[in-house]
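An overview of the molecular structure
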Amino acid sequence: MVKRVLAGTLTLIVLAFVVIVISVLRFDVPREELVGKYAGGASQFATLPSGASVHFRDEGNADGPALVLVHGSNASLHTWEPWVAELGGTYRIVTMDLPGHGLTGRVPGDDYSREGMAASVHELTEALGLTRFAIGGNSMGGGVSALYALEHPDRVTALILVNSSGVPVVREETDPPLAFRLARMPVLSKVMRYVLPRSVVEEGVRKVFVDQSKVTGEMVARYFDLTLHEGNRDATRMRFATYSARDEVAFSERLGGIEMPTLIIWGDKDLLIPVAAADMFKDRIPHAELVIYENVGHVPMEEVPAESAGAVAAFLGAALARPAPAPVAAAGEPEGAEPEGAEAEGVE
């Protein structure tokens, strides 16, 4: 009798464990299943020279000055929708899903470094025929944008950094979201390849906002679904595995080479990248302007879209009114020669 009871109890425990595992077991979702939900009317896909098929949007005033916006870690181009709505009447706005993110997914070569991301931005802007534009980025995308400005100063009219990565910071009072901590642990990051509770994703989303009313079920569902896009979790694991704080120190030392007009925007209650980093950027980038919003978190473009977009409009209005620097001819190239145009083939 006792053996039967123990056997029955063990069976129930095993069944409960199986149910729990099944409830959090998540396999990759093919792009085709997600396109219908998250590729809006403006969405397009471009096959870049690297072989990547990138999801992007080219919106706003087609005749206006161009503004390229780059999202942060584990986000997507959707994070810029509030700014597109606020600024699209004046500017041509290009947004994209970076490699290993959104509907772009895993890319050939598996380069998810800051350099690899900047190269993808360059390939897309070349494909779209953009030769002069402002660029802005949030979080990881800010670091990508700053690197792009350093590597292609002749193309960038102005730089906008929103709660940006790129300088070494010390987090004393709070921890990053659980999903970020797990992604940095080699064994657990592999487990997350197949096991991903929705609650982990929701915790990460909620931590970037102060105003929790901004976090909707639809937003959490989008982050969760796009995390499951085929290849994205593998890409995230590879990206976090190669991260080094030493790289941030070395990169921060290059920021003094940014000469174009720069606007730094920050939320003072950022739990991911403390507001002290904003001062570090301002100290390193010559003539940078700084705007800090009180009681705002990591994504001011979503939390205070009207105010932050207004700051961008005022900044770009002044920055773009300045005369553009004269182009410098390459060695052996006659002055006044037109640069080679980028091929737009591969844009679907």
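In what follows, the accompanying structure is described.

Rules and cut-offs
- Residues numbered from 1 in each chain as written.
- Predicted model: local features only at pLDDT ≥ 70, side-chain atom pairs only at ≥ 80, totals over all residues.
- Heavy atoms only, no water.
- Axes fitted to C-alpha atoms, helices over the stretch in contact; angles between N-to-C directions.
- Helix = DSSP H or I, 4+ residues; strand = E, 2+ residues; numbered from the N terminus.
- Parallel < 35°, antiparallel > 145°, perpendicular 65-115°, else oblique.
- Left-handed = near helix turned anticlockwise from the far one by under 90°.
- Contact = heavy atoms within 4.5 Å.
- Nonpolar A, V, L, I, M, F, W, Y, C, P; charged D, E, K, R; others polar.
- Pairing = 2+ DSSP bridges.
- Right-handed = clockwise from strand over helix to strand, strands pointing away.
- Phe/Tyr/Trp six-rings, centres within 6.5 Å; stacked < 30°, edge-to-face > 60°.
- Buried < 20%, exposed > 50% of the residue type's maximum accessible area, 1.4 Å probe, protein only.
- Lys NZ or Arg CZ within 6 Å of the ring centre and 35° of its normal.

So, on to the packing of helix α4 (residues 114-127) against helix α5 (residues 140-151). At a minimum axis separation of 9 Å, α4 and α5 run at an interaxial angle of 65°. In terms of their interaxial angle, α4 and α5 are classed as roughly perpendicular. When the axes of α4 and α5 are compared, the crossing they make is right-handed. For the pair α4 and α5, the contacting residues are R114, E115, M117, A118, V121, H122 and T125 in the first and M140, G143, V144, L147, Y148 and E151 in the second. Residues of the contact of α4 with α5, tallied by class, amount to seven nonpolar, three polar and three charged.

The next thing to look at is the pairing of strand β8 (residues 289-293). Of the pairings in the sheet, the one linking strand β7 (residues 262-267) to β8 comprises five bridges and is parallel in character. Bridge pairing links G267 to Y293 in β8. Handedness of the crossover is the feature at issue here: the chain leaves β7, passes through helix α12 (residues 276-284), returns alongside β8, and the resulting connection is right-handed.

Here we come to the packing of aromatic side chains. Applying the stated rule across the entire model yields three aromatic pairs. Between W80 and W83, the aromatic rings sit 5.3 Å apart at their centres with planes inclined by 45°, giving tilted as the arrangement. We classify W80 as buried; its relative accessible area is 0%. For W83, a relative accessible area of 0% puts it in the buried group. Its guanidinium or amino end placed over the ring of F251, R114 lies 4.3 Å from that ring's centre, counting from NZ or CZ.

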